[in-house]
Amino acid sequence: MNIKNYINAEFVNPIDEKYLDNYNPSIGKVYGQIPNSSKEDVETAYRAAAKAFPKWSATSLEERSKILSKIAYLILGKLDVLAEAESKDNGKPISLAKSVDIPRAASNFQFFANAITQFSSEAHESVGFNAVNFTLRQPIGVVGCISPWNLPLYLFTWKIAPAMAAGNCVVAKPSEITPMTAFLLGEICNEAGLPKGVLNIVHGLGTTTGQAIVAHPNIKAISFTGGTKTGAHIASIAAPMFKKLSLELGGKNPNIIFADCDYEKMLATTVRSSFSNQGQICLCGSRILIEEKIYDQFKKDFIKKVKQLNVDHPSKSNSDIGALVSKEHLEKIESYIEIAENEGGKIVCGGLEVTIPGFENGYYFQPTIIEVTDNSCRVNQEEIFGPVVTIMSFKTDEEALILANDTKYGLSSTIWTNNLNRTMQFSKQLQTGIVWVNTWMLRDLRTPFGGIKDSGVGREGGFEALRFFTEPKNVCIKFPS
Ligand code: NAD
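Residues numbered from 1 in each chain as written. Predicted model: local features only at pLDDT ≥ 70, side-chain atom pairs only at ≥ 80, totals over all residues. Heavy atoms only, no water.

Draft legend 1. Representation of the side chain of His216. Structurally, His216 can be placed in the loop between helix H7 (206-215) and strand S10 (221-225). A relative accessible area of 6% means that His216 is categorised as buried. Every residue in contact with His216, bar those within four places of it in the chain, is listed here: Val42, Glu43, Tyr46, Met241 and Lys243. (Helix = DSSP H or I, 4+ residues; strand = E, 2+ residues; numbered from the N terminus. Buried < 20%, exposed > 50% of the residue type's maximum accessible area, 1.4 Å probe, protein only. Contact = heavy atoms within 4.5 Å.)

Draft legend 2. Broad picture of the nonpolar core. Counting 97 residues, the largest nonpolar core has Ile71, Phe109, Leu185, Leu199 and Leu283 as the members making the most contacts within it. Each residue touching Leu185, except ones within four places of it in the same chain, is listed here: Ile71, Ile75, Phe109, Leu153, Phe156, Thr157, Ile160 and Leu199. (Core = buried A, V, L, I, M, F, W, Y, C linked by side-chain atoms within 4.5 Å.)

Draft legend 3. View of the sheet that holds strand S24 (residues 470-478). Here 3 strands make up an open sheet; going across it, the order is S5-S6-S24 and the pairing antiparallel. Two strands bound the open sheet, and with one partner strand each, they are strand S5 (123-126) and S24. On average, each strand axis in the sheet is inclined to that of its neighbour by 25°, with strand direction left out of account. Relative to strand S6 (residues 131-139), S5 runs antiparallel, the two being bridged by 4 bridges. Across the sheet, the residue bridging to Ser126 is Ala131, located in S6. (Pairing = 2+ DSSP bridges. Axes fitted to C-alpha atoms, helices over the stretch in contact; angles between N-to-C directions.)

Draft legend 4. Structural view of the packing of helix H9 (residues 263-275) against helix H10 (residues 292-307). Two numbers describe how H9 lies on H10: the axes approach to 11 Å, and their chain directions differ by 55°. Relative to H10, H9 is oriented oblique. Remark: the crossing between H9 and H10 carries right-handed chirality. Between H9, through Tyr263, Met266, Leu267, Thr270, Val271, Ser274 and Phe275, and H10, the contact on the second element is made entirely by Ile294, Gln297, Phe298, Asp301, Phe302, Lys305 and Val306. A breakdown of the residues in the contact of H9 with H10 according to their chemical character gives 9 nonpolar, 3 polar and 2 charged. (Parallel < 35°, antiparallel > 145°, perpendicular 65-115°, else oblique. Left-handed = near helix turned anticlockwise from the far one by under 90°. Nonpolar A, V, L, I, M, F, W, Y, C, P; charged D, E, K, R; others polar.)

This is the structure in structure tokens:
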């Protein structure tokens, strides 16, 4: 199936008719073409957005909210079609797309449809000066949203929904590796009555289409989720142009397990936090740190459970682990297995490519556990972003904290313990934007989401996202005494 850009509510080919192949990773074959949009396509999208902005930004909150709710409703109505499309494009099990990705895309719209009606700003009375200050929260204008391939519609909508709710018009680019559900969203937006030009979706490579969005002089804010290296590059272009920037980047998240935890719950969740979505979630706990006194027991039980995970074609209802997103990504994962072995890491589970009968050209890999003893090894410091975790023991709380923080990343962390003091100490001292205690990926959309250190700048989620997508303006009114 060939997809098109969505500009001014119409489906259009790229101006210079350049296209990229779109792969189905579960069979390793091209199944369609996508535009590789140029600077001119981005300009056309920008103009449509700029034209729509005066009316959309003046549209009542109730009306904006109604349209976004309708989009949420229509997404859920197309749950099966969207889940199948997501799975085909990305390789993730259909069951996961159906239970997580697509429902969450709908929730993103519904959440911000509600949130915008509750969003407010502050007033400050300047006592003694006969003056009152209030803050206007105004939409920025045309904003750019760029998203990655791991949770395609989920993360695309996480950005565009608050941007539009706040009254902005959007030029958005999904990952060129997984563009399909963003394409299908265009039709849904038209059906929901979203005015033309409010959302414009341009497809293409990061280095051409994405770059054109970031460098566009009149796109005044960029919300980006993707790799740390790309984020640094985007910042180098956007910062001198004084653009507002929200960067949600990579992670190397510690999962810290203490002997006093609820063991069975921890074990089941750790399997999930390690390998959900083939380990391709920025929040996956890829560095598992285990208190020494339960290390051997954990290692044995964890390996046993991970060996039970079924690597299979994503359409199979019993597939726990589908295909990796691309051949390049599979090769990257394989290269890290070699790196681990060269560094003295011990592969205690998995480590090999999987051939699925009937789907021999798909990109499948065993869930893999590497035992390491030195936190400075590359597999503990670099983001692998696949079905690969490391295990390592620690003796004391102090050591666990040092190991957990000893990385350039700071996205999320998980602690398993029933000790309240320890919970508080770690919550305060872990250098991550998110700390989960006795759970993982339990998301409340009102909470601030984002990382510190090389995991990003800024927060999305809840009112934080609405703050990002608005410009605060102070108005000071003096009144006679
Ligand atoms: P990526 O950085 O390669 O690409 C992300 C998006 O940016 C894509 O749409 C791509 O086309 C675009 N892009 C690439 N180069 C660009 C450029 N020069 N200018 C503008 N846009 C450009 O990342 P990816 O491989 O798609 O995604 C995986 C990464 O995303 C991992 O590092 C993962 O941790 C991270 N991620 C982070 C979060 C988070 O919330 N912190 C969530 C999901 C994924």
